Amino acid sequence: MEALSLDIQPRFNETDGLGHINNTVLPVWFEAAREPVFEIFNPGLDLTNWNLIVAGFTIAFKAPTYYGKTVRVLTSVSRIGNSSFEVLQQSWQGELLTAEAKTTLVHYDYSCEQSRPIPDEIRQRLLPLLRE
């Protein structure tokens, strides 16, 4: 399994009064870290030809994330179905896991508002990211 990795430097304005990164910020970081997965489905990230939709998202906060320390977001795939797949993401500050999220994405045709099977060529590109 090969996880994708993105390093993020928390910004001061993302910090709450206790010195923690606000809990609304991590989902935004996780979405930014999913960009390479989006590229698999839509090279160039052409919004006029977008073909993914979020079906659900859960996040578990494991420990506070702090301003002033780099955060590494790891992204893998935990399930591949017929038309949907699940992305598993973790945020780490040093050796500390601070949050873990699961996002279900659906291969989607907006013109007819229906899900579509994930093509074999895309499925093959997702397989190296699969973490079982």
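Quick note: structure is the one above.
Residues numbered from 1 in each chain as written. Predicted model: local features only at pLDDT ≥ 70, side-chain atom pairs only at ≥ 80, totals over all residues. Heavy atoms only, no water.

Account for the overall build of the chain, with residues named and values stated.
If you tally the helices and strands in the chain, you get three helices and six strands. Of the regular secondary structure in the chain, the N- to C-terminal order runs β-α-α-β-β-β-β-β-α. Taking 132 residues into account, the globule formula puts the C-alpha radius of gyration at 14 Å, and the chain, at 16 Å, falls close to it. Principal-axis analysis of the C-alpha atoms gives the chain an extent of 45 × 30 × 25 Å. Per-residue burial over the chain gives 38% buried out of 132 residues. Of the roughly 7,500 Å² of accessible surface on the chain, 51% is carried by carbon and sulfur atoms. Taking the average place of the 11 positive charges on the side chains of the chain and the average place of its 16 negative ones, the gap between the two points comes to 5 Å. (Helix = DSSP H or I, 4+ residues; strand = E, 2+ residues; numbered from the N terminus. Rg over C-alpha atoms; globule rule 2.2 N^0.38 Å. Buried < 20%, exposed > 50% of the residue type's maximum accessible area, 1.4 Å probe, protein only. Areas by Shrake-Rupley, 256 points an atom, 1.4 Å probe, with all protein chains shown as cover. Lys, Arg positive; Asp, Glu negative; His and termini not counted. Charge placed at Lys NZ, Arg CZ, Asp CG, Glu CD.)

Which residues make up the pairing of strand S4 (residues 84–93), and what are the values?
Most of S4 sits inside the fold, with nine of its ten residues counted as buried. For strand S3 (residues 71–80) and S4, the ladder comprises eight bridges, and the chain directions are antiparallel. Looking at S4, one finds that Arg72 is bridged to Trp92. Counted between consecutive antiparallel strands, the loop separating S3 from S4 contains three residues. Bridge analysis of S4 against strand S5 (residues 96–109) gives ten bridges, and the strand direction is antiparallel. (Pairing = 2+ DSSP bridges.)

Go over the nonpolar core with me, naming the residues and quoting the values.
In this structure, Phe41, Phe85 and Leu126 are the most contacted members of the largest nonpolar core, which totals 15 residues. Mapped by element, the contributors of at least two residues to this core are helix H2 (35–41), S4 and helix H3 (120–126). With four residues, the single largest contributor to this core is H2. Within the second largest apolar cluster, eleven residues are counted, among which are Ile21, Val25, Leu26 and Ala33. (Core = buried A, V, L, I, M, F, W, Y, C linked by side-chain atoms within 4.5 Å.)

An account of the packing of aromatic side chains is requested, with residue identities and associated values reported.
If you walk through the whole model with that rule in mind, you get four aromatic pairs. On the numbers, 5.5 Å between centres and 75° between planes, the contact of Phe38 with Trp50 is edge-to-face. Within this pair, whereas Phe38 is found in helix H2, its partner Trp50 is found in the loop between H2 and strand S2 (52–61), the two being separated by twelve residues in sequence. Since its relative accessible area comes to 9%, Phe38 is described here as buried. Consider the rings of Phe41 and Phe85, whose centres lie 5.0 Å apart with planes at 5°: the pair is stacked. With Phe41 in helix H2 and Phe85 in strand S4, this residue pair connects regions lying 44 residues apart in the sequence. (Phe/Tyr/Trp six-rings, centres within 6.5 Å; stacked < 30°, edge-to-face > 60°.)

Explain helix H1 (residues 25–33) to me, using residue names and the numbers behind them.
Since one α-helical turn is 3.6 residues long, residues separated by three or four positions face the same way. For H1, the full list of buried residues reads Val25, Leu26, Trp29, Phe30 and Ala33. Taken down its axis, H1 places every buried residue within 135° of arc, on the same side. Looking at the buried residues of H1, the elements they touch are strand S1 (4–8), H2, S2, S3, S4 and S5. (Arc of directions from axis to C-beta. Contact = heavy atoms within 4.5 Å.)

Break down the pattern of salt bridges for me, citing the residues and quoting the values.
On inspection of all chains with the given rule, the structure shows three salt bridges. Asp7 serves as the salt-bridge partner of Arg72, at 2.7 Å between the closest nitrogen and oxygen. Of this pair, Arg72 sits in strand S3 while Asp7 sits in strand S1, placing them 65 residues apart in sequence. The class for Asp7 is partly exposed, based on a relative accessible area of 42%. The closest approach of N and O atoms between Asp109 and Arg116, which form a salt bridge, is 3.7 Å. (Salt bridge = Lys/Arg side-chain N within 4 Å of Asp/Glu carboxyl O.)

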